[in-house]
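# Structural characterization, general
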Amino acid sequence: MSVVTIFWYTLKQNWRDRSTYLEMMLLPLALIFILGVSLAPAFHVTLLPTIETALFVEDQGPAGAGLKQFLLEREEEGLLKIQPVLTEQAGKERVKTGESHAFIHLPAGDTALQPASIQLLTDSQNSLRTSVLESLLNSFVIGLSSEIQPEQILPRPLAASEVLPGAMDYYAVTMMVMFIMYGAIYSVYGMKHCYLGPVGKRIASTPLLPGQHYWGLVLANLTTILMQSVIVVLFTRTVFGVNWGTNALLVGVIILLAGLVATGLGTALVMIVQDETLAGNIINVLVPAMTFLAGGFFRINFSDGSWISYLQYLSPNYLAQTALFTTIYGGDDLTIMVTLGVMGLFISVAFLAALLSERRARI
Amino acid sequence: MLLELESLVKRYQDHLAVDHLNLKIKEGEIMGLLGPNGAGKTTTLNMITGLAKKDAGIIRIFGEELHLNSREVKGKIGVVPQEIAVFDDLTAEENVTFFGKLYGLRGSLLRERVKEALAFSGLTGHEKQFPKKYSGGMKRRLNIACAIVHQPRLLIMDEPTVGIDPQSRSHILESVRTLQQKGTTILYTSHYMEEVDDLCSRIAIMDQGRIIAQGTSEELKSMISSEERIDIILSEINYSLVDEMKRLPGVLECHLEGKKLTVLVQKDSGLIGKISQIIGRFDSEIRSLQVEKITLENVFLTLTGKSLRDSGTGEQP
C-alpha cells in the first residue's frame, strides 16, 4: 500500500507541475508539426509511371518461362505494361515509334540450362525507366543463376508510398522518442527532491521500506512519461493524421520500454552524481546527441557494418525508433526483437547502476 | 527509559563523528541536546531515526533495540527535521495525509488525526493552501504537523524554530509544552539557548562526538560557578565601605569604580542584606542592584570553549 501512496502523491505533484507537463507535450507536438510541414518534400515518394514494355521471348526453356512469369507479376504490381510481340523487329519498331518505352528480348539459348543473354532496348529518353528495367532484369538474372526454378523466383518487394513514412509520420516517431528520453528529467528532479533531499530523508525516517519508496517514485515518473506519450500519439493520429500502424499493443510495449529506459537513465544519473543540476545538464546534452545519432532530426543512412552503424545501437532513441518504424511499416520481427532486447539490457544496466549508487551513497 | 544510547559510535573514514556516546531519556521529559557545529548532534539524531547506520553501540527505543525491529520502532517516532521537509505541490492537508498514510493510518482515523494535527499546529483554515504560499512560520508549523499526525511517543525536533517570527516561535514552544503534557517524550535541539533553558527538563551538551555534561539547567549552571557577582550603583561615593565589605565573611573581592560597587561573593552566601546595611551605615543609598545570573550560554562557553550561536548546530557528516 505504501508504494501506492508514494506513487499516487508523486504522480499528483508531477501533474500539478503544469508548466513542465505542458512543455513536455506541446514542444514535441510543435516540433512534429514544424518539421513535418517544412521537410515534407524531402520525404516525398515519387510514384513511377507504368513502363510500356514490348516483350519477345524465344527461349522455350525454364529461363524463358521464368522471365515471362516474372514480368507478368511486375505488370500486376502496375510497374510494367507488357506488350508481347512476335518478332525482334516488331519490338524494336515499337520503341522507335514511341509505342513502347522499352523492348525486352530473350533469344533462344544453346541448351535448356544455358539461356542466352537478355537484351534490353529503351527509348533512352528517361534514364529512370532504364535503371528500373535494368534493376528488374538483374534481380531476375541473379535468381536464375542460383538455379532456382522460375516458379520459385521471389522478387524483392518494392517500396511504395503507402509503406514509407512521410515527414509528419517520421518526426512524430522521432520527436516523441526524444521527449520520452527527456522524461529522464522527471526522475532526476523527482529522485533528488523526494529521495535524496530533505523530504526523502524524512520519508526514510518513517516505517516505509527503502524499496517501496524507490519503486513508488520510479513508477510515478514512468507513468508521467507514458501519459504524455499517449497524448502525443492520440493527438498526432487524430489531428496530423500520423500513421501509428495497426499493432497498438506492440507500439505501447515499445513506448513503455522507452519510458523505462528514460526513467532508468535519469535515476542512475542522479544517484551516481548526487546533484540534480549536473544530472539535468548531462541529460540536456545526451538526449539531443542520442537523437542526432539515431537520425531523429534528419535521416542518416550509415553504411551497414560501419562502426558508426554499430554505435547507433548505443542510442536508446535509435532502438526505440527502429522498433517503432519496423512495427508500423511491417518490417521483420527479428529487428523488433533485437531492438527490444537491447533496450531491456539498457534498462537492466541503468537500474542496477542506480541501485548500487544509491546503496553506496547511503550513510 | 524511553531512549537509551549506549557507547554509540559513528565514523566517517578517519573522522570520529560520535564517540562512545551515552544518553538516556526518560518517558515524558523534554531533553535538550546542545552542541557546537560538528559536535555530532545531527549524526546522533540520524542514527536514532534510522537515517545513518551506527558503527558500534546500542540504540534502545521503547525498550527495543532499533536494528532488531526498526519498522515498528520508527512507527512510534516523529521527526521534525531542521529543513522544511514538505511537498510544495501538495496542499497542507495532503502533506499531513501523505505522512499519516506512511505511518499506517487509514480511513476515518486518518482524517481525524490530520484534522487534529492541523488544528494543533494552528493551520486550520489554511489546510487547502499550498506550502509555497505559506510564511516561514506556517511552513515550520506544517513541518511539525507532518511529524505528529500519528501521535508519536517520541518526537525528535531538530531546530524547529529557526528563522521564524516571534509569534510562530511562541506558538511552537507552547505546542511543545502541550505535547509533553500529553505524554510525548521530546528530544529537542536548538540554537536558541533561552528556548532550551526554558523548555527542557534536562539538557545534554555535546562536543566532539561525546556528551560532556548533562543534567537540569540549574545543575549545569552550578557546575561552572561557585561565585556570584553583585553590581551596585550608589548614590554617594565612599571608599571606606570597600574595606568594610571585604571584612564580611563570604566576600571574595570588592572594588569601587565611580559610583559602581562590584562585590564578588560565594554562591548562595545570602549576603545582600548585610551589604545593604553597610552601605546605609556609610550614608549612601542603593540606586540599583544587580546579581549576575549564570546563563546556559556561560555554561556552554565554559564547557566547549565555543559560543553556540556562532558555531551553529547544523553540522553535516
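Residues numbered from 1 in each chain as written. Chains lettered and ligands numbered in written order. Predicted model: local features only at pLDDT ≥ 70, side-chain atom pairs only at ≥ 80, totals over all residues.

As recorded in an unreviewed UniProt entry, chain B goes by the name ABC-2 type transport system ATP-binding protein, listed as coming from Anoxynatronum buryatiense.

As recorded by an unreviewed UniProt entry, chain A carries the name ABC-2 type transport system permease protein and is attributed to Anoxynatronum buryatiense. Here is the UniProt Subcellular location (unreviewed entry) comment for chain A, exactly as written: "Cell membrane". (UniProt positions renumbered as here; feature names shortened; annotations may be inferred.)

For the rest of this paragraph, the subject is the overall build of chain A. Looking only at helices and strands, one finds 14 helices and four strands in chain A. Taking all 363 residues of chain A together, the buried fraction comes to 39%. (Helix = DSSP H or I, 4+ residues; strand = E, 2+ residues; numbered from the N terminus. Buried ≥ 20, exposed ≤ 12 C-beta atoms within 10 Å, placed from the backbone.)

Next up on the list: the overall build of chain B. Scanning chain B from terminus to terminus reveals twelve helices and 14 strands. Overall size of chain B, expressed as C-alpha extent along the three principal axes, is 80 × 50 × 30 Å. A total of 317 residues make up chain B; the buried ones form 40% of that total. Put simply, 71% of the contacts in chain B that link residues at least 6 apart link residues at least 24 apart. (Contact = placed C-beta atoms within 7 Å.)

Once that is clear, we can look at helix H3 (residues 92-102) of chain B. Burial within H3 of chain B is extensive, with eleven of its eleven residues counted as buried. Of the residues making up H3 of chain B, those classed as buried are Ala 92, Glu 93, Glu 94, Asn 95, Val 96, Thr 97, Phe 98, Phe 99, Gly 100, Lys 101 and Leu 102 of chain B. Where the residues of H3 of chain B are buried, they touch helix H1 (2-16) and helix H8 (198-204) of chain A together with helix H4 (107-120) and helix H5 (136-148) of chain B. Downstream of H3 of chain B by one or two residues, Gly 104 of chain B has phi in the positive range, about 90 degrees.

Another point: the environment of Val 141 of chain A. Residue and element names in this part refer to chain A. With respect to the helices and strands, the residue Val 141 is situated in helix H5 (residues 127-145). Judged by local crowding, Val 141 falls into the partly exposed class, with 15 C-beta atoms found within 10 Å. When the C-alpha positions of Val 141 and Ala 63 are compared, they lie 9.1 Å apart, and in sequence the two are 78 residues distant.

Below, the discussion takes up the interface of chain A and chain B. Put simply, an interface is often sized by how much accessible area is lost when its parts join up. Chain A puts 18 residues into the contact, and the matching count from chain B is 21 residues. Breaking the side of chain A that touches chain B down by element, the ones donating at least two residues are H1 and H8 of chain A.

Turning next to the UniProt feature "transmembrane region" (unreviewed entry) in chain A. Under the UniProt annotation, the feature "transmembrane region" (unreviewed entry) is placed at residues 20-43, 170-189, 214-236, 248-272, 278-298 and 336-356 of chain A. Annotated as 100% helix and 0% strand, the span residues 248-272 of chain A places its first and last C-alpha atoms 36 Å apart.

Right, let's get into helix H7 (residues 184-196) of chain A. Residue and element names in this part refer to chain A. The axis of H7 is deflected most strongly, by about 30 degrees, at Gly 190. Buried residues dominate H7, accounting for eleven of its 13 residues. Of the surrounding elements, those touching the buried residues of H7 are H1, helix H6 (167-182), H8, helix H9 (210-239), helix H10 (248-273) and helix H11 (276-293). (Bend = angle between axes of the 7 residues up to and from the residue.)

Attention shifts here to the packing of H7 of chain A against H9 of chain A. All names here are of chain A. Running from amino to carboxyl end, H7 crosses H9 at an angle of 150 degrees, the nearest separation of the two axes being 10 Å. Overall, the two elements H7 and H9 adopt an arrangement that is roughly antiparallel. Regarding H7 and H9, the two cross each other, and that crossing is right-handed. Contact with H7, carried on its side by Tyr 186, Ser 187, Gly 190, Met 191, Cys 194 and Tyr 195, involves His 213, Tyr 214, Leu 217, Asn 221, Thr 224 and Ile 225 of H9 and no other residues of that element. (Axes fitted to C-alpha atoms, helices over the stretch in contact; angles between N-to-C directions. Parallel < 35°, antiparallel > 145°, perpendicular 65-115°, else oblique. Left-handed = near helix turned anticlockwise from the far one by under 90°.)

Residue and element names in this part refer to chain B. Strand order across the open sheet formed by four strands is E2-E1-E4-E5, with antiparallel pairing between neighbours. Of all the strands in the sheet, just strand E2 (15-25) and strand E5 (64-65) have a single pairing partner and so form its edges. The pairing of strand E1 (residues 3-12) with strand E4 (residues 56-61) spans five bridges and is antiparallel. Its bridge partner being in E4, Glu 4 is matched across the sheet by Arg 60. (Pairing = 2+ DSSP bridges.)

This next bit is on the sheet that holds strand E7 (residues 154-158) of chain B. Residues and elements named next belong to chain B. An order of E6-E7-E8-E3-E9-E10 is seen for the six strands of this open sheet, with the pairing classed as mixed. This sheet does not close on itself; its edge strands, each paired only once, are strand E6 (77-80) and strand E10 (210-215). Direction aside, the axes of adjacent strands within the sheet are offset by 15 degrees on average. Across four bridges, strand E3 (residues 30-34) lies against strand E8 (residues 185-189) in parallel orientation. Its bridge partner lying in E8, Ile 30 is registered against Ile 186. Where H5 meets the sheet, it contacts E6 and E7, and its direction lies at approximately 165 degrees from that of E6. Of the strands in this sheet, E3, E7 and E8 are in contact with helix H6 (residues 166-181), which crosses E8 at around 150 degrees.

Turning next to the pairing of strand E2 (residues 80-84) of chain A. Summarising the sheet, strand E1 (residues 51-57) of chain A and E2 of chain A pair through five bridges and their orientation is parallel. Paired with Ile 51 of chain A across the two strands is Leu 80 of chain A, which belongs to E2 of chain A.

Residue and element names in this part refer to chain A. Here Phe 103 lies in strand E3 (residues 102-106). The class for Phe 103 is buried, based on 24 C-beta atoms found within 10 Å. As a C-alpha pair, Phe 103 and Glu 75 span 28 residues in sequence and 14 Å in three-dimensional space. In contact with Phe 103, other than residues within four places in its own chain, are Ala 54, Gly 91, Lys 92, Arg 94, Val 95 and Leu 121.

Moving on, we come to unusual backbone geometry. All names here are of chain B. Positive phi, normally seen in glycine, also occurs at His 20, with a value near 45 degrees. Along the chain, His 20 falls in strand E2. For Phe 62, which is not glycine, the phi dihedral falls at a positive 55 degrees. Tracing the backbone shows Phe 62 in the loop between E4 and E5.

All names here are of chain A. Two numbers describe how H1 lies on H9: the axes approach to 8 Å, and their chain directions differ by 40 degrees. Regarding the angle of H1 to H9, the classification is oblique. As H1 packs across H9, the resulting crossing turns out to be right-handed. Here Ser 2, Val 3, Ile 6, Phe 7, Thr 10, Leu 11 and Asn 14 of H1 come into contact with H9, specifically with Gln 212, His 213, Trp 215, Gly 216, Leu 217, Leu 219, Ala 220, Thr 223 and Thr 224. The residue makeup of the contact of H1 with H9, split by class, is eight nonpolar, eight polar and no charged. (Nonpolar A, V, L, I, M, F, W, Y, C, P; charged D, E, K, R; others polar.)

Below, the discussion takes up the confidence of the model for chain A. Taken as a whole, chain A shows an average pLDDT of 84; of its residues, 88% reach a score of 70 or greater. Across residues 147-162 of chain A the pLDDT falls below 50, and counting only partners more than four positions away or on other chains, this stretch makes 19 contacts in the model. (pLDDT = per-residue confidence, 0-100.)

What follows deals with the confidence of the model for chain B. All names here are of chain B. For chain B, per-residue confidence averages 88 on the pLDDT scale, and 96% of positions sit at 70 or higher. In the model, residues 312-317 has pLDDT below 50 throughout and makes 18 contacts with residues more than four positions away in sequence or in other chains. As a predicted assembly, this complex carries a pTM of 0.72 together with an ipTM value of 0.79.

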